[in-house]
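Spelled out from the first residue to the last, the chains are:
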Amino acid sequence: MALSQEDLRRQRERMESDQFILGLLGANLVIAEQGFARVELDADARHLNGLGLVQGGVLYSLGDYATAVAANYATEPMVSLDSSISYLKSGKPGKIIAEAREISRSRQFTSLEARITDEKGTLLAILHSRGFILKQ
């Protein structure tokens, strides 16, 4: 079932109230729509570990937030059941992008994937998430 414009506006407001990802980390919610989200972050010194690489927790947080946005642009909200991430390459300072897609949705569960890349399109990590759909 498609969301009304008012539902979409309310959901975007809820997702933009996330002070950890958007406030503390400084990420930006670029695209938010039913089943898809794009989140970007300009990684700087505060996002780096002792080796000068983007902290794995930052990559995880971006992917987790992107999947939450993609899944929650629906008539019924979702909460995460579990997730896993595979780190493929180290991130360096600069733009980091997480794009999440909902792969499947049943009456109770949703499955999502977030691909986390740098600004050149280099795949840094893939996050898989499974969520439980809350009945309203």
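(A) Quick look at the overall build of the protein. Within the protein one finds three helices and six strands. Going residue by residue from the N terminus, the α and β elements of the protein occur as α-α-β-β-α-β-β-β-β. What you see for the protein is a C-alpha radius of gyration of 15 Å, in line with the 14 Å of a compact globule of 136 residues. Seen through its principal axes, the protein has C-alpha atoms that stretch 45 × 25 × 20 Å. The burial tally for the protein puts 39% of its 136 residues in the buried class. Sequence-distant contacts, at least 24 apart, represent 63% of the contacts inside the protein between residues at least 6 apart. For the protein, the accessible surface area stands at approximately 7,300 Å², while carbon and sulfur atoms represent 51% of it. Each charge sign in the protein was given a centre, from 16 positive and 17 negative side chains, and these centres are 3 Å apart.

(B) Inspection of the side chain of serine 61 at higher detail. Tracing the sequence through the fold places serine 61 in helix α3 (residues 56-72). Exposure remark for serine 61: the relative accessible area of 13% places this residue in the buried category. Within the structure, serine 61 has its side chain in polar contact with the backbone oxygen of glycine 57 (distance 2.9 Å). If sequence neighbours within four positions are ignored, serine 61 has contacts with Phe20, Ile21 and Leu25.

(C) Inspection of the environment of alanine 100 at higher detail. Among the structural elements, alanine 100 can be located in strand β4 (residues 94-105). Sequence-wise, alanine 100 and glutamate 40 are 60 residues apart; in three dimensions their C-alpha atoms are separated by 12 Å. In contact with alanine 100, not counting residues within four places along its chain, are Gly35, Phe36, Ala37, Ala66, Thr67, Ala70, Glu113 and Ala114.

(D) Just the packing of aromatic side chains, in detail. In the structure shown here, the tally under the stated rule is one aromatic pair. Here phenylalanine 109 and phenylalanine 132 contribute two aromatic rings whose centre-to-centre distance is 6.0 Å and whose plane-to-plane angle is 70 degrees, an arrangement assigned as edge-to-face. With phenylalanine 109 in strand β5 (residues 109-118) and phenylalanine 132 in strand β6 (residues 123-133), this residue pair connects regions lying 23 residues apart in the sequence.

(E) Region of the structure containing the nonpolar core. Ranked by internal contacts, the top residues of the largest apolar core, which has 31 residues, are Ala27, Leu29, Val39, Leu62, Tyr65, Val69 and Ile96. A per-element tally of this core places α3 first, with eight residues. If sequence neighbours within four positions are ignored, leucine 29 has contacts with Arg12, Met15, Glu16, Leu22, Arg38, Val39, Tyr65 and Val69.

(F) Expanded view of a nonpolar patch on the surface. Where nonpolar side chains cluster on the molecular surface, the patch consists of Val79, Leu81, Phe109, Phe132 and Leu134 and spans about 380 Å² of accessible area. Here valine 79 lies in strand β3 (residues 78-87). The class for valine 79 is partly exposed, based on a relative accessible area of 39%.

Rules behind the numbers
Residues numbered from 1 in each chain as written. Predicted model: local features only at pLDDT ≥ 70, side-chain atom pairs only at ≥ 80, totals over all residues. Heavy atoms only, no water. Helix = DSSP H or I, 4+ residues; strand = E, 2+ residues; numbered from the N terminus. Rg over C-alpha atoms; globule rule 2.2 N^0.38 Å. Buried < 20%, exposed > 50% of the residue type's maximum accessible area, 1.4 Å probe, protein only. Contact = heavy atoms within 4.5 Å. Areas by Shrake-Rupley, 256 points an atom, 1.4 Å probe, with all protein chains shown as cover. Lys, Arg positive; Asp, Glu negative; His and termini not counted. Charge placed at Lys NZ, Arg CZ, Asp CG, Glu CD. Polar contact = N/O pair within 3.5 Å; in protein donor to acceptor, adjacent residues only side chain to side chain. Phe/Tyr/Trp six-rings, centres within 6.5 Å; stacked < 30°, edge-to-face > 60°. Core = buried A, V, L, I, M, F, W, Y, C linked by side-chain atoms within 4.5 Å. Patch = residues over 30% accessible without salt bridge, like charges linked within 9 Å, V, L, I, M, F, W, Y side chains within 5 Å. Salt bridge = Lys/Arg side-chain N within 4 Å of Asp/Glu carboxyl O.

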